[in-house]
Amino acid sequence: MVYNSNNIAVKLEQNTLCKKYNAEYLEAAPGTIVGVAKDFSMAKMPINGLRHPREKNASGWYIWSGDKYSSEQDYFEPMHLSHVVEKYPVLLPYLGLAPGWRFLIDPNNSYEDVWFDKQLLDI
C-alpha cells in the first residue's frame, strides 16, 4: 500500500479509531520519518507505539515489538512513513493519533489498547 494523505478511506479509518478513544487526530504527514526498533518484528508481540511532538521531518512516532523496550540511543532506526505503511499496514489506523498517545496491539489475539500519556509531551 502506498501511503497517501488524500486517501479518504485512510483518514476515515484513522478518525474512527481516534473517536473510539476520544483522541485528537493529527495526520502523520507523508514524507516524515518514523523511529522503528532495529529488532522490530511482526512475529514478536505485542506491538507498541508512542508519539512525541513532531520535529522537522520526524512524525514523532516510535514503534517497537515485544515486551522489552531499550533506552539505548541507537535502538530506533529512521524509516520513511510510506515504507512503514507498506511493510506494516496493520499500524496505519494508529498513525493518526496525536502526540501524547500510545498504543499496544496484538493483532493475532485481537488485543488493542490505546491511551494518552502526558509525559510524552514533556520532552
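Described in the following lines is the structure provided in the data block. Each chain carries its own residue numbering, running from 1 in the written order of its sequence. It should be noted that, the model being predicted, local features are given only for residues of pLDDT at least 70 and side-chain atom pairs only at 80 or more, the latter also being counted only at that level, while totals for whole chains, interfaces and linings use all residues. Side-chain metrics in this entry use all non-hydrogen atoms of the structure; hydrogen atoms and water are not considered.

**Digging into the pattern of salt bridges**
The criterion, for reference: Salt bridges are counted wherever a side-chain nitrogen of Lys or Arg sits within 4 Å of a carboxyl oxygen of Asp or Glu. Strands here are runs of E lasting at least two residues and helices are runs of H or I lasting at least four, both read from the DSSP assignment and numbered beginning at the N terminus.
Counted according to the given criterion, the structure contains five salt bridges. Its salt-bridge partner being Lys20, residue Glu112 comes within 2.8 Å of it at the nearest N-O pair. Of this pair, Glu112 sits in strand 6 (residues 111–116) while Lys20 sits in helix 1 (residues 8–20), placing them 92 residues apart in sequence.

**Let's talk about unusual backbone geometry**
Residue Pro46 follows Met45 across a cis peptide bond; omega there is 0 degrees. Counting through the fold element by element, Pro46 comes out in the loop between strand 1 (33–37) and strand 2 (47–51). Of note in this structure, Lys56 is not a glycine but carries a positive phi near 45 degrees. Here Lys56 shows up in the loop between strand 2 and strand 3 (58–65).

**Digging into the side chain of Arg51**
Heads up, the condition is: Whenever a nitrogen or oxygen atom comes within 3.5 Å of another N or O atom, the pair is scored as a polar contact, on the condition that within protein one atom can donate a hydrogen and the other can accept it, and that pairs from neighbouring residues in sequence are kept only if both atoms are in side chains.
Tracing the backbone shows Arg51 in strand 2. At 2.7 Å, the side chain of Arg51 forms a polar contact with the backbone oxygen of Leu26.

**So, the environment of Ser110**
The criterion, for reference: A 1.4 Å probe rolled over the protein chains alone gives each residue an accessible area, and that area as a share of the maximum for its type sets the label: buried under 20%, exposed over 50%, partly exposed in between.
Residue placement: Ser110 occurs in the loop between strand 5 (101–106) and strand 6. Ser110 gets classed as exposed once you look at its relative accessible area, which sits at 70%. Sequence separation of Ser110 and His80 is 30 residues, and the distance between their C-alpha atoms is 27 Å.

**Description of the pairing of strand 2**
Defined as follows: When DSSP finds two or more bridges between a pair of strands, those strands are recorded as paired.
Within strand 2, five of the five residues are buried, which leaves the element mostly enclosed by the surrounding structure. Neither face of strand 2 is left uncovered, since the one carrying Ile47, Gly49 and Arg51 and the one carrying Asn48 and Leu50 both have all their residues buried. Pairing of strand 2 with strand 3, which is carried by five bridges, proceeds in the antiparallel orientation. Note that in strand 3 the partner of Gly49 across the bridge is Ile63. Remark: six residues form the turn of the hairpin made by strand 2 and strand 3, two consecutive strands paired antiparallel; Lys56 in that turn has positive phi of roughly 45 degrees.

**Observations concerning the packing of aromatic side chains**
Cut-off, in case you're wondering: For this analysis, a ring pair means two rings from Phe, Tyr or Trp (six-membered ring only for Trp) whose centres lie within 6.5 Å, classed as stacked if their planes differ by under 30 degrees, edge-to-face if by over 60, and tilted for the remaining angles.
Inspection of every chain in the model, using the stated rule, returns ten aromatic pairs. Their ring planes at 75 degrees and their centres at 6.0 Å tell us that Tyr69 and Tyr75 sit as a pair that is edge-to-face. You can call Tyr75 buried: its relative accessible area is 9%. Here the aromatic rings of Tyr75 and Phe76 are separated by 4.9 Å at their centres, their planes lie at 75 degrees, and the arrangement is edge-to-face. The same class applies to Tyr75 as to Phe76, namely buried.

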